[in-house]
Amino acid sequence: MATTGTPTNITQGSKTKGGIGESTLRPDGTLKVTGEFAYSSDMWHEDMLWGHTLRSTVAHAEIRSIDVSEALAMSGVYAVLTYDDLPTEVKNYGLEIQDTPVLAHGKVRHHGEPVAIVAADHPETARRAAAKIKIDYAELPLITDEASATAPDAILVHENRDDHHIGHVPHPNIVHRQPIVRGDADEAAKRADVIVKGEYTFGMQDQAFLGPESGLAVPSEDGGVELYVATQWLHSDLRQIAPVLGLPEEKVRMTLSGVGGAFGGREDLSMQIHACLLALRTGKPVKIVYNRFESFFGHVHRHPAKLYYEHGATKDGKLTHMKCKIVLDGGAYASASPAVVGNASSLSVGPYVIEDVDIEAIALYSNNPPCGAMRGFGAVQACFAYEAQMDKLAAKLDMDPVEFRQLNAMEQGTLLPTGQPVDSPAPVAELLRRVKTRPLPPEQQWLAAGEQADVRALPGGLSNTTHGEGVVRGVGYAVGIKNVGFSEGFDDYSTARVRMEVVGGEPVATVHTAMAEVGQGGVTVHAQIARTELGVTQVTIQPADTQVGSAGSTSASRQTYVTGGAVKNTCENVREKVLEIGRRKFGSYHPAWATAELLLEGGKVVTDGGEVLADLVDVLEDEAVDLELEWRHRPTEAFDLRTGQGNGHVQYSFAAHRAVVEVDTELGLVKVVELAVAQDVGKALNPLSVVGQIQGGTTQGLGVAVMEEIIVDPKTAKVRNPSFTDYLIPTILDTPTIPVDVLELADDHAPYGLRGIGEAPTLSSTPAVLAAIRNATGLELNRTPVRPEHLTGT
Amino acid sequence: MRVNFTVNGRKQEADDVWEGESLLYVLRERMGLPGSKNACEQGECGSCTVRLDGVPVCSCLVAAGQVEGREVVTVEGLADFAQQRSASGCATGACGTTLQDARQWSAQGTDSQTGEGAELSPIQQAFIDAGAVQCGFCTPGLLVAADELLERNAEPSDADIREALSGNLCRCTGYEKILDAVRLAAARQEETV
């Protein structure tokens, strides 16, 4: 077909052995540095049309009428579709609850909700046509916070709810509620010598991946559609897309196109169904590419949260109890809110030993922008609050904040508030020790270059706002715990297909999975695993598509564990088949074929003693071994809906940060000087990629500490800053040196002992920066991000 | 309208260009050069950085008509561009590019559409080796900007690198490995003097 840069096989011939534990380079690196790598927005077809979405300009309103006649009459316009044009009775989709309309019907529930879609021969024509669609809105009262959502006479965001959470939520405007009760917090509070209470606010963060939502839908001759798209989970998309189109899943063929970052923001559908609908209606390929403004409406955000915490401790520094209530604003549609509630509640204690707890987490339906998955997934908001509480307690007890944390640190065997034991290494105290004992960066480093202050190293940077007067330094610490993988009984499996054959006189392995490579480096690791297990140097990674079984989502830090585990498992089975062939052909020549433990190494079959039995080329000849297998980790179970008890999580990931900041107290400007991190990764399959993930996660935590927030006008529920001019993410000038200390304590339950790593560094980064700013300024600072006005009192 | 300009050393002619189209749109959708990325299309992220007569610009902010008769270098032509610069007796890359030099520059020997067959430029190789590429969406713009920095300043300090790349957002890496890559490219260039 004429699609440019249709994702191609990536073959990496390795000069080195390139197995696990080595910093092998990305197989897609060359394509990415030459501009040849085909991202979803690069897809192109010779007679394609451009799609555009018309979005609501108000947050909550009845739609009285939609008039598309003027738009349809425009030259170059091929289709204008609204709710009435949807082809089947299935008109909603959703990750867990099917509450999200493909196109708004009856009413709109948030600013920017899709109302109509247009296909035209030029993107500008499509935009202009969309602007000619007339919609008559009758605005409705707004639900914007807990009080307005749960008022007895509150208007319902979703009338007629029938999802499975409705039976146990106290109000229909609450998506999900998870209490956790363990021990007796009230009784334990009597043993406390000090009690601290705090109310914390976490702002709405955006994933702000750089590659905008985009893709190309091409109608196929059998009445189906091919979709080239950037996503985190092809099969989850497929499950939601096919019913709305009225097509069986096999007629919707999806291929992953290059993904420009994800961070949770591509778990939900964006343009997928719209592009398919337009392609099927017009009979032509349709490409949709959001611009940055639209991207801020095209995906869910991190839940903003209010967190109410109470902790107690004895005078010798032992935590007695914890009570908390966490209110997450899920916005207009459910998305991943129920699972975020599960995470926020079960990880609300943090990596500490507290036996008596009383916890409640809820997610609201509101008319704010929908919120769902983002790196850290509910654990981030909790970590921000419990770490602030730890500092408050330490201060009240006149103890060192790190020693206080170490005194209460979880260890292997500690029970979570859900009653589940942490049955793998939990080096919380050690991670804190490691960041604490690092040498501090020099004071007044802006003077390091000489007598003249280098303003680039000062708060405000090249704005030249200070030469060091009024600048004070602070140091802060934080540590966090994140679960790995999907929890609460979810069947979190993955599938891998591995083929081994001789090509060009050399044994070659081909790995095919549906794993979304979103930049994290899964493709690198899969090749490493295949090399390790099959003893070959040449590994081809096939493009991810729906022609192979589901790999699950590239999220929850799970892909290296689960799809990596699937690749490992399938390779092991392929190896057995290869050895069977070898035994058949050569078994009579050497007794070791029957008696020894055999391995594949360096293109040969060898005994565990290192004796070479045969070349793989001779074993395989023109035979190929080809297997597709599913693989599962240990099962989990749901949390009890009243007590929160249950073995809900698979694995845990731990990181600790030390932040060093300098604050210009006159202007309220913050310069983060250094953000050191220590993390246990179990086993670093690719140390270079591991460090890259940890630094990237740390930087997103820094972002939400000092600048990142989607600002929603409380009076109108409209987004005020949907642009990179107004929604700030850290630049290279805002980001400090990030020294990374990697600990490798194997988790015996995981493939190679590895731990999921992508999210943990996002947790503790934010509270460490906040702690450092508090340390520098003496201010309480109970919200994030911290803005200049919070530091200057203006 | 019709726009005539040179991209990566090859004369190009774009027809039926609507007056509001950006250089970025023309490169990506009309020239078949999608290497320059469309991350924000408002001049904030630097992902679409190209060199226009030698000067790094956000191609999303350049109207297509403004490039009439001018020279554009995109990430697709970066390897050839660096090689040519190196062959012209400027191996350190510190000699800078005058407007006149940039105009005389032309690609040779490889497919200027895709860069295929070209050796990678030092900065491209360094990005791969240092682990500075993750999702890679910011990479083309960063490469063009970093290459221009190394052309001006063969031994940049960390502060110089941060200043030069402050207009290029990256959401994946935390920038540390991007700094590593620029330092690595600078060190390798020094070795080859």
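Along its length, chain B carries 7 helices and 5 strands. Secondary structure elements of chain B, listed N to C terminal, follow the sequence β-β-α-β-β-β-α-α-α-α-α-α. Within chain B, the fraction of its 193 residues that count as buried is 58%. Put simply, of all contacts in chain B between residues at least 6 apart along the chain, 64% involve residues at least 24 apart.

Here the focus is the overall build of chain A. Looking only at helices and strands, one finds 19 helices and 32 strands in chain A. For a compact globule of 794 residues, the expected C-alpha radius of gyration is about 28 Å, and chain A comes in at 27 Å, within 12% of that figure. Judged by the C-alpha coordinates and their principal axes, chain A covers about 80 × 75 × 60 Å. For chain A, with 794 residues in total, the buried portion stands at 65%. Relative to all contacts within chain A whose residues are 6 or more apart in sequence, the contacts with residues 24 or more apart total 79%. Accessible area of chain A: about 26700 Å², with a carbon and sulfur share of 49%.

Let us now look at the confidence of the model for chain B. Note: predicted coordinates in regions of low pLDDT should not be interpreted at a detailed level. All names here are of chain B. Averaged over all residues, the pLDDT of chain B is 88; the fraction at 70 or higher stands at 84%. Per-residue pLDDT stays below 50 along residues 105–116; that stretch engages in 37 contacts with residues further than four places along the chain or on separate chains. Predicted as a complex, the structure gets a pTM of 0.95 and an ipTM equal to 0.95.

On to the interface of chain B and chain A. On the side of chain A, 65 residues touch chain B, which itself brings 54 residues to the contact. Between chain B and chain A lies a buried interface of about 4500 Å² when both sides are counted; carbon and sulfur atoms form 58% of it. Joining chain B to chain A, the criterion identifies 6 salt bridges. One can count 27 residue pairs in polar contact (both at pLDDT 80 or more) joining chain B with chain A. Listing elements by their share of the side of chain B that touches chain A, those giving two or more residues are helix H1 (23–30), helix H4 (122–129), helix H5 (139–152), helix H6 (158–164) and helix H7 (176–191) of chain B.

What follows is about the side chain of Lys177(B). Residue placement: Lys177(B) occurs in helix H7. Despite its burial, Lys177(B) remains without a salt bridge, the nearest opposite charge being carried by Asp180(B) at 4.1 Å. With sequence-adjacent residues up to four places away left out, Lys177(B) is seen in contact with Leu688(A), Val691(A), Gly692(A), Gln695(A), Ala130(B), Gly131(B) and Ala132(B).

This part is about helix H2 (residues 78–87) of chain B. Those residues of H2(B) that fall on the buried side of the exposure criterion are Leu78(B), Ala79(B), Asp80(B), Phe81(B), Ala82(B) and Arg85(B). Its buried side turned inward, H2(B) meets strand S3 (49–52), strand S5 (71–73), H4 and H5 of chain B.

Turning our attention to a negative patch on the surface. Where like charges cluster on the molecular surface, the negative patch consists of Glu576(A), Glu580(A), Glu597(A) and Asp608(A). Looking at where Glu580(A) falls in the secondary structure, it is placed in helix H14 (residues 559–586).

Residue and element names in this part refer to chain A. What you see with strand S25 (residues 598–601) is a clean split: Leu598 and Leu600 sit on the buried side and Leu599 and Glu601 on the side with no burial. Here S25 pairs with strand S26 (residues 604–607) via 4 bridges, running antiparallel. Of the residues in S26, the one forming a bridge with Leu598 is Thr607. Linking S25 back to S26 in an antiparallel pair, the connection comprises 2 residues, with Gly602 at a positive phi of about 55°.

With that out of the way, let us pick up the pattern of salt bridges. Working definition: two side chains of opposite charge can pair if their charged atoms are close together. Applying the stated criterion across every chain yields a total of 66 salt bridges over all chains. Taking the shortest distance from any N to any O, the salt bridge between Arg152(B) and Glu148(B) comes out at 3.0 Å. Of this pair, Arg152(B) and Glu148(B) both sit in helix H5, separated by 4 residues, roughly a single helical turn. Judged by its relative accessible area of 48%, Arg152(B) is partly exposed. One salt-bridge network, in which partners are shared between bridges, spans Arg26(A), Asp28(A), Lys32(A) and Glu517(A).

Now for unusual backbone geometry. Residue Pro785(A) is reached from Thr784(A) by a cis peptide bond, and omega for that bond is 0°. Here Pro785(A) lies in the loop between strand S32 (783–784) and helix H19 (788–792). Positive phi, normally seen in glycine, also occurs at Asn464(A), with a value near 60°. Among the residues examined, Asn464(A) registers a relative accessible area of 43% and is labelled partly exposed. At Asp16(B), a residue that is not glycine, the phi angle is positive and equals roughly 55°. Position of Asp16(B) among the secondary structure elements: in the loop between strand S2 (10–14) and H1.

What follows is about the sheet that holds S26(A). Residue and element names in this part refer to chain A. Pairing is antiparallel in the open sheet, where 3 strands are placed in the order S25-S26-S27. Strands with a single pairing partner mark the edges of an open sheet, and in this sheet they are S25 and strand S27 (612–615). Ignoring which end each strand starts from, the neighbouring axes of this sheet average 25° apart. As paired strands, S26 and S27 are joined by 3 bridges and run antiparallel to one another. Along S27, the bridge assignment pairs Val605 with Ala614. The strands touched by H14 within the sheet are S25, S26 and S27, with S25 carrying the most contacts at an inclination of about 105°.

Its place among the elements puts Pro442(A) in the loop between helix H12 (428–437) and strand S21 (471–484). Separated by 231 residues in the primary sequence, Pro442(A) and Val673(A) have C-alpha atoms spaced 9.7 Å apart.

With the rule as written, the count across this model stands at 15 aromatic pairs over all chains. Look at Phe296(A) and Tyr727(A): their rings are 5.4 Å apart centre to centre, the planes differ by 55°, and that puts the pair in the tilted class. Here Tyr727(A) lies in the loop between helix H17 (687–706) and strand S31 (740–743) and Phe296(A) lies in helix H8 (residues 292–298), a separation of 431 residues in the sequence. This pair shows no difference in class: Phe296(A) is buried, exactly as Tyr727(A) is. Between Phe586(A) and Trp593(A), the ring centres sit 6.3 Å apart and the planes meet at 25°, which makes this aromatic pair stacked. Taking relative accessible area as the criterion, Phe586(A) reaches 21% and is therefore assigned partly exposed. Among the aromatic residues, ring-to-ring pairing joins Phe37(A), Tyr39(A) and Phe137(B) into one connected group. The ring of Phe486(A) has Arg558(A) lying over it, and the distance from NZ or CZ to the ring centre is 5.7 Å.

Time to look at H12(A). Three or more residues of H12(A) are buried, namely Val428(A), Leu431(A), Leu432(A) and Val435(A). Down the axis of H12(A), the buried set is contained in an arc of 100°. They therefore lie on one face.

Residue and element names in this part refer to chain A. One way to put it is that helix H10 (residues 379–397) packs onto helix H18 (residues 760–777) with a least axis distance of 8 Å and a crossing angle of 35°. For the element pair H10 and H18, the recorded crossing hand is right-handed. Every residue of H18 that contacts H10 at Ala379, Val380, Cys383, Phe384, Glu387, Ala388 and Asp391 is listed here: Thr762, Leu763, Ser764, Thr766, Pro767, Leu770, Ala771 and Arg774. Across the contact of H10 with H18, the residue classes break down as 9 nonpolar, 3 polar and 3 charged.

Residue and element names in this part refer to chain B. Between H2 and H5, whose axes approach to 11 Å, the crossing angle comes to 10°. Classified by the angle between their axes, H2 and H5 sit roughly parallel to one another. Residues Leu78, Phe81, Ala82 and Arg85 of H2 lie in contact with H5, whose contacting residues are Leu143, Val144, Asp147 and Glu151.

What follows covers the sheet that holds strand S30 (residues 669–680) of chain A. Residue and element names in this part refer to chain A. Taken in spatial order, the 4 strands of this open sheet run S21-S29-S30-S31, and their pairing is mixed. Across the chains shown, the open sheet's two edge strands, defined by having one partner strand only, are S21 and S31. If you compare each strand with its neighbour and ignore which way they point, the axes differ by 20° on average.

On to the side chain of Arg292(A). Assignment of secondary structure puts Arg292(A) in helix H8. This buried residue, Arg292(A), is left without a salt bridge; Asp206(A) holds the nearest opposite charge, at 5.4 Å. Looking at Arg292(A), its side chain comes within polar contact range of the main-chain oxygen of Leu210(A), at 2.8 Å. Other than its neighbours up to four places away in sequence, Arg292(A) contacts Ala208(A), Phe209(A), Leu210(A), Gly211(A), Pro212(A), Pro722(A), Phe724(A), Ala39(B), Cys40(B) and Gln42(B).

About the criteria used
- Residues numbered from 1 in each chain as written.
- Chains lettered and ligands numbered in written order.
- Predicted model: local features only at pLDDT ≥ 70, side-chain atom pairs only at ≥ 80, totals over all residues.
- Heavy atoms only, no water.
- Helix = DSSP H or I, 4+ residues; strand = E, 2+ residues; numbered from the N terminus.
- Buried < 20%, exposed > 50% of the residue type's maximum accessible area, 1.4 Å probe, protein only.
- Contact = heavy atoms within 4.5 Å.
- Rg over C-alpha atoms; globule rule 2.2 N^0.38 Å.
- Areas by Shrake-Rupley, 256 points an atom, 1.4 Å probe, with all protein chains shown as cover.
- pLDDT = per-residue confidence, 0-100.
- Buried area = accessible area lost by both parts, 1.4 Å probe.
- Salt bridge = Lys/Arg side-chain N within 4 Å of Asp/Glu carboxyl O.
- Polar contact = N/O pair within 3.5 Å; in protein donor to acceptor, adjacent residues only side chain to side chain.
- Lys, Arg positive; Asp, Glu negative; His and termini not counted.
- Patch = residues over 30% accessible without salt bridge, like charges linked within 9 Å, V, L, I, M, F, W, Y side chains within 5 Å.
- Charge placed at Lys NZ, Arg CZ, Asp CG, Glu CD.
- Pairing = 2+ DSSP bridges.
- Axes fitted to C-alpha atoms, helices over the stretch in contact; angles between N-to-C directions.
- Phe/Tyr/Trp six-rings, centres within 6.5 Å; stacked < 30°, edge-to-face > 60°.
- Lys NZ or Arg CZ within 6 Å of the ring centre and 35° of its normal.
- Arc of directions from axis to C-beta.
- Left-handed = near helix turned anticlockwise from the far one by under 90°.
- Nonpolar A, V, L, I, M, F, W, Y, C, P; charged D, E, K, R; others polar.
- Parallel < 35°, antiparallel > 145°, perpendicular 65-115°, else oblique.

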